[in-house]
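Breakdown of the fold
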Amino acid sequence: MLSEGVENFIEDPNFIFPELNLSQIKPSYLEDFLFSMSLIRAAEIKIAKAKKNGLIKGPVHLGVGQEAIAVGVSKSLRDTDRIFGAHRSHSHILGVDKDLRKLFAEVLGRKTGFSAGMGGSMHLASKSKGFMGSVPIVTGTVPLAVGAGLASKLQKSSDIAISYLGDGATEEGVFHESLNFARVSNIPVLFVVENNLFSSHMHMSLRQPLNTINRFAKAHKIKAKLLDGNDVIEIYKTSSEFIKNMRSKPEPYLIEAITYRWFGHVDWRDDIDVGVARSKKDLLNWKKRDPIKRLRDAMINKKIWTNEKQLNLDVKVKNLVEENWETAMKDDFPDRNSLLDNVYKDD
Ligand SMILES: Cc1ncc(C[n+]2csc(CCOP(=O)(O)OP(=O)(O)O)c2C)c(N)n1
Ligand SMILES: [Mg+2]
């Protein structure tokens with residue numbers, strides 16, 4: 001089941017994959033992938049700068065470098081699917097809802113945000129696009145995704161659930177219970193594990209006997225693939241195949257996508273300062289595997305893309321980010337008396 005070469009990708013810091021294989025993918029899809037990844041990256045870099053400048057009060061967990069995963073998976077999703085994220089979920093929500101104003105407004109605490117400014121970066125939701133929520137409790141949304149998949153199955157719909165989680169989240173017991181229950185009940189949920197090799201500041205090698213986690217899927221007889229998480233084509237092809245299968249025959253699947261985050265665990269610094277095992281050299285090697293550059297280079301080589309088109313895309317993305325940021329900065333904060341409106345209380 002392992003994709004060829006992925007082990008080298010993890011173990012050898014100088015390993016560079018050959019050019020992405022674009023065959024059989026429509027040019028319009030490729031352009032969409034390039035645009036979506038670029039937009040997500042630019043939005044997160046804007047957030048990083050704003051955090052550094054003190055404009056954002058809450059913590060922000062940035063996924064720069066990991067964009068290919070959510071973009072590749074989101075292409076096969078529809079609004080009635082049920083998607084769950086966690087603490088590093090800007091890409092997950094933007095994959096299905098590109099409303100930058102709502103994302104910016106949320107991290108700025110404005111009432112026009114994805115969660116009415118009450119949640120910040122780690123509490124994002126867009127129900128109309130199927131994004132049911134992200135929360136900071138590691139692994140907290142994994143059983144919720146299983147429940148949402150079960151609901152869809154009981155409703156005899158072909159909608160599926162997506163559970164995005166990190167490698168650290170697989171170390172919580174509820175992940176294993178969720179896999180087991182999803183398997184024995186044949187629940188249409190796709191677990192997408194973004195293995196960026198770190199849980200906060202701790203490398204996999206300090207936490208587990210192997211750097212990969214797909215063995216947990218095999219233990220539960222769940223079909224799984226280990227993928228290069230910086231190859232949007234590979235992510236798209238595998239997720240679309242799994243999702244198509246799940247829609248016609250409900251059962252769980254798992255993707256383990258190997259990737260790397262360019263910023264530190266939280267906020268705008270690279271985490272060289274606090275990293276236990278993360279060196280500047282590792283970071284530079286991973287930047288050579290930039291998922292956006294890899295796609296762009298392959299498209300240019302195949303003459304699907306030009307430098308001129310790239311310039312236009314850069315301008316479009318920059319304008320979208322700047323315009324939406326300016327709008328969000330002018331948006332109002334929530335009213336003081338609405339503070340307890342959405343707080344659950346049992347009288
Ligand atoms: C239940 C719980 N335990 C611990 C934490 C503290 N914590 C926040 S993020 C994180 C690391 C998660 O690592 P991973 O799942 O690999 O996601 P990544 O940050 O790499 O995207 C930890 C331990 C938490 N938020 N919730
Ligand atoms: Mg991680």
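Residues numbered from 1 in each chain as written. Chains lettered and ligands numbered in written order. Predicted model: local features only at pLDDT ≥ 70, side-chain atom pairs only at ≥ 80, totals over all residues. Heavy atoms only, no water.

1. What about the confidence of the model for the protein?
Averaged over all residues, the pLDDT of the protein is 94; the fraction at 70 or higher stands at 97%. The lowest-confidence element of the protein is helix α1 (residues 6–11), averaging 76 in pLDDT; the highest-confidence one is strand β3 (residues 161–166), averaging 99. (pLDDT = per-residue confidence, 0-100. Helix = DSSP H or I, 4+ residues; strand = E, 2+ residues; numbered from the N terminus.)

2. Considerations on the coordination of the magnesium ion (ligand 2)
Taken together, Asp167 (OD), Asn196 (OD1) and Phe198 (O) make up the protein donors of the magnesium ion (ligand 2), found 2.1 to 2.2 Å from the metal. In terms of primary sequence, the donors binding the magnesium ion (ligand 2) are separated according to D-x28-N-x1-F. Of the two residues, Asp167 sits in the loop between β3 and α7 (173–184) while Phe198 sits in strand β5 (residues 198–199), which places them 31 residues apart along the sequence. Relative accessible area serves as the criterion here: at 6%, Phe198 is assigned to the buried category. (Donors = N, O, S within 2.8 Å, 3.2 Å for Na, K, Ca; no water. Buried < 20%, exposed > 50% of the residue type's maximum accessible area, 1.4 Å probe, protein only.)

3. Comments concerning the pairing of β3
With five of six residues buried, β3 is to be regarded as a mostly interior element. When strand β1 (residues 82–85) meets β3, the two strands line up parallel, connected through three bridges. From the neighbouring strand, Ile83 faces β3, where its bridge partner is Ile162. Tracing the backbone out of β3, into α7 and back to the parallel element strand β4 (residues 189–195) gives a crossover that is right-handed. (Pairing = 2+ DSSP bridges. Right-handed = clockwise from strand over helix to strand, strands pointing away.)

4. Overview of the side chain of Arg41
The residue Arg41 is located in helix α2 (residues 27–52) in this model. In terms of polar contacts, Arg41 uses its side chain to reach the side chain of Asp290, at 3.0 Å. The residues contacting Arg41, other than those within four sequence positions of it, are Val64, Gly65, Glu67, Trp262, Asp290, Pro291 and Ile292. (Polar contact = N/O pair within 3.5 Å; in protein donor to acceptor, adjacent residues only side chain to side chain. Contact = heavy atoms within 4.5 Å.)

5. Remarks on helix α3 (residues 67–74)
Among the eight residues that make up α3, eight are buried, leaving the element largely enclosed by the rest of the structure. Taken residue by residue, α3 has Glu67, Ala68, Ile69, Ala70, Val71, Gly72, Val73 and Ser74 as its buried positions.

6. Side note on the environment of Arg207
When you line up the elements, Arg207 lands in the loop between β6 (202–203) and α8 (215–219). Once the C-alpha coordinates of Arg207 and Lys129 are considered, the two residues, 78 residues apart in sequence, prove to be 36 Å apart. Not counting residues within four places of it along the chain, the set of residues in contact with Arg207 comprises Asp167, Gly168, Glu171, Leu197, Phe198, Ser199 and Met202. Within the structure, the side chain of Arg207 is placed 2.8 Å from the side chain of Glu171, a separation counted as a polar contact.

7. Notes on α7
Taking 1.5 Å as the rise per residue, α7 with 12 residues should run 16 Å; its terminal C-alpha atoms sit 17 Å apart, in good agreement. In this structure, the buried residues of α7 make contact with α6 (142–154), β3, β4, α8 and β8 (253–258). Within two residues after α7, Asn186 carries a phi angle of roughly 50°, on the positive side. (Expected span 1.5 Å × (residues − 1).)

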